[in-house]
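# Coordinate analysis (summary)
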Amino acid sequence: MSPVSRGRKKAKSSRIIRRVPDPATAVPDVCDCPACRAGSDPEALAADLAVTGADLLAVEDPLTVEMLGSSLVASVDVGGEGLVEALSEGLIPAVAATSTPESLAVLLAIAAVENRATAGAEAQRLREAGVPDPGWVEALSDPVKPEILRLYREPTGESAVLLGTFARAGQSHGFVIGISHLDCDAATDILMFPGESLEQAEQLVVEDGQRSGITFTAEDMEPADFRWQADRALTARAVHDWEDSVPDTGDGFDENGQPDYYTSAVLLRARLRVLPEPTRPPAPHGSSAGPA
Ligand SMILES: [Zn+2]
Ligand SMILES: [Zn+2]
């Protein structure tokens with residue numbers, strides 16, 4: 001199957017030494033986002049953002065825009081609650097400091113996947129200053145609706161798979177989320193696929209299970225329930241990723257130009273926010289409550 005790809009490769013970003021911030025409060029001095037990578041060199045930042053901005057201005061597909069926006073959000077090395085603050089105090093003002101079509105594109109791409117930070121407000125400011133919108137603005141504003149929301153269970157209860165597809169303007173795309181109930185119900189991986197590859201994605205889930213001697217049974221889920229389960233998996237994985245060190249998020253895409261786990265997780269969280277809020281509270285970490 002051909003997974004969703006942003007279609008072109010970007011050079012791996014240069015690695016820098018990073019300190020481990022307190023995920024709850026800290027805005028890191030140096031993280032892997034373009035603003036921190038450039039340090040106090042405004043020319044380096046402008047050059048870096050011009051590349052991402054030019055990438056964004058060259059694409060038409062709103063999903064590609066969201067993947068690039070997600071990779072930027074994922075590049076901010078702050079876990080949990082500190083993310084929105086780190087974005088709003090670090091990357092976003094750095095981007096908004098230049099009034100160019102590239103900056104506006106970057107701000108809109110970030111706002112598309114993380115609307116709690118100030119990217120939307122800054123984008124509006126640039127627009128009012130006369131910066132023209134990128135061509136994909138309208139396509140991006142079409143509402144996203146869930147289609148298939150499914151849970152694959154297996155008899156031992158050790159693992160599960162969530163499969164969710166979402167549509168915008170007749171175009172759909174999906175996520176396959178592997179979950180380990182033996183590991184705090186954490187997400188093991190996320191695969192994004194285009195709507196036309198749904199059958200192959202379903203087959204992949206079944207065949208992956210068979211290889212491990214597992215027979216999955218599929219059931220449709222209530223949207224709020226899907227959100228609860230996926231949120232539990234993403235949150236548990238994030239806790240684990242941040243336990244030892246700052247996860248190495250690279251440039252957000254693998255060598256084939258497909259979104260890596262961290263980029264996919266940011267985009268999946270944006271999708272979960274279109275689903276109704278669960279009525280039950282978030283699961284406490286490590287309860288290993290299983291698939292229910
Ligand atoms: Zn940063
Ligand atoms: Zn755990």
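As a further point, take the nonpolar core. Ranked by internal contacts, the top residues of the largest apolar core, which has 70 residues, are Val-76, Leu-91, Trp-136, Ile-177 and Phe-226. Of the residues that make up this core, three or more belong to each of domain 1 (34-141) and domain 2 (144-272). Beyond its immediate chain neighbours, meaning those up to four positions away, Trp-136 contacts Leu-56, Val-59, Glu-60, Val-65, Ala-105, Leu-108 and Ala-109. With 10 residues, the next largest nonpolar core counts Tyr-152, Val-161, Phe-193 and Ala-201 among its residues.

Looking at the zinc ion (ligand 2), one finds its protein donor set to be Cys-184 (SG), His-240 (NE2) and His-285 (NE2), positioned 2.0 to 2.2 Å from the metal centre. Read in sequence order, the donor residues for the zinc ion (ligand 2) give the motif C-x55-H-x44-H. Remark: His-285 occurs in the segment after α10 (261-272) and Cys-184 occurs in the loop between β3 (171-180) and β4 (186-194); sequence separation between them is 101 residues.

If you walk across this open sheet you meet the 5 strands as β4-β3-β2-β1-β5, and the pairing is antiparallel. On the outer flanks of this sheet lie β4 and β5 (217-220), each paired with one strand and no other. Looking at each pair of strands side by side, their axes are set apart by 20° on average, direction ignored. Relative to β4, β3 is paired through 8 bridges, and the arrangement is antiparallel. Its bridge partner lying in β4, His-173 is registered against Pro-194. Running over the sheet, α10 touches β1 (144-153), β2 (159-168), β3 and β4 and is turned about 80° from β4.

Now for the packing of helix α4 (residues 82-96) against helix α5 (residues 101-113). Direction vectors running N to C along α4 and α5 enclose 150°, while the axes themselves pass 8 Å from each other. The angle between α4 and α5 falls in the class roughly antiparallel. Packed against α4, whose contacting residues are Leu-91, Ile-92, Val-95 and Ala-96, the element α5 presents Ser-103, Val-106, Leu-107 and Ile-110 at the interface.

A few words now on helix α3 (residues 62-74). In this model, α3 (13 residues) spans 18 Å end to end at C-alpha, consistent with the 18 Å of a helix rising 1.5 Å per residue. With 13 of 13 residues buried, α3 lies mostly within the body of the structure.

This part takes up the packing of aromatic side chains. Summed over all chains, the structure comprises 3 aromatic pairs. A ring pair is formed by Tyr-152 and Phe-216, whose centres lie 6.2 Å apart and whose planes are at 75°; its orientation type is edge-to-face. With Tyr-152 in strand β1 and Phe-216 in the loop between α8 (198-211) and β5, the pair connects residues that are 64 residues apart, well separated along the chain. Each member of the pair, Tyr-152 as well as Phe-216, is classed as buried. Seen from their ring centres, Phe-166 and Phe-175 are 6.1 Å apart, and the 80° between their planes marks the pair as edge-to-face. Here Phe-166 and Phe-175 have matching classes, each one buried. When the ring centre of Tyr-261 is taken as reference, the NZ or CZ atom of Arg-237 above it lies at 3.8 Å.

The next subject is the packing of α3 against α5. Two numbers describe how α3 lies on α5: the axes approach to 8 Å, and their chain directions differ by 85°. Judged by the inter-axis angle, α3 sits roughly perpendicular to α5. Here α3 contributes Val-65, Glu-66, Gly-69, Ser-70, Leu-72 and Val-73 to the contact with α5, which in turn contributes Val-106, Ala-109, Ile-110, Ala-112 and Val-113. Tallied by class, the residues present in the contact of α3 with α5 amount to 8 nonpolar, 2 polar and 1 charged.

About the thresholds
Residues numbered from 1 in each chain as written. Chains lettered and ligands numbered in written order. Predicted model: local features only at pLDDT ≥ 70, side-chain atom pairs only at ≥ 80, totals over all residues. Heavy atoms only, no water. Core = buried A, V, L, I, M, F, W, Y, C linked by side-chain atoms within 4.5 Å. Buried < 20%, exposed > 50% of the residue type's maximum accessible area, 1.4 Å probe, protein only. Domains from an automatic or database assignment. Contact = heavy atoms within 4.5 Å. Donors = N, O, S within 2.8 Å, 3.2 Å for Na, K, Ca; no water. Helix = DSSP H or I, 4+ residues; strand = E, 2+ residues; numbered from the N terminus. Pairing = 2+ DSSP bridges. Axes fitted to C-alpha atoms, helices over the stretch in contact; angles between N-to-C directions. Parallel < 35°, antiparallel > 145°, perpendicular 65-115°, else oblique. Expected span 1.5 Å × (residues − 1). Phe/Tyr/Trp six-rings, centres within 6.5 Å; stacked < 30°, edge-to-face > 60°. Lys NZ or Arg CZ within 6 Å of the ring centre and 35° of its normal. Nonpolar A, V, L, I, M, F, W, Y, C, P; charged D, E, K, R; others polar.

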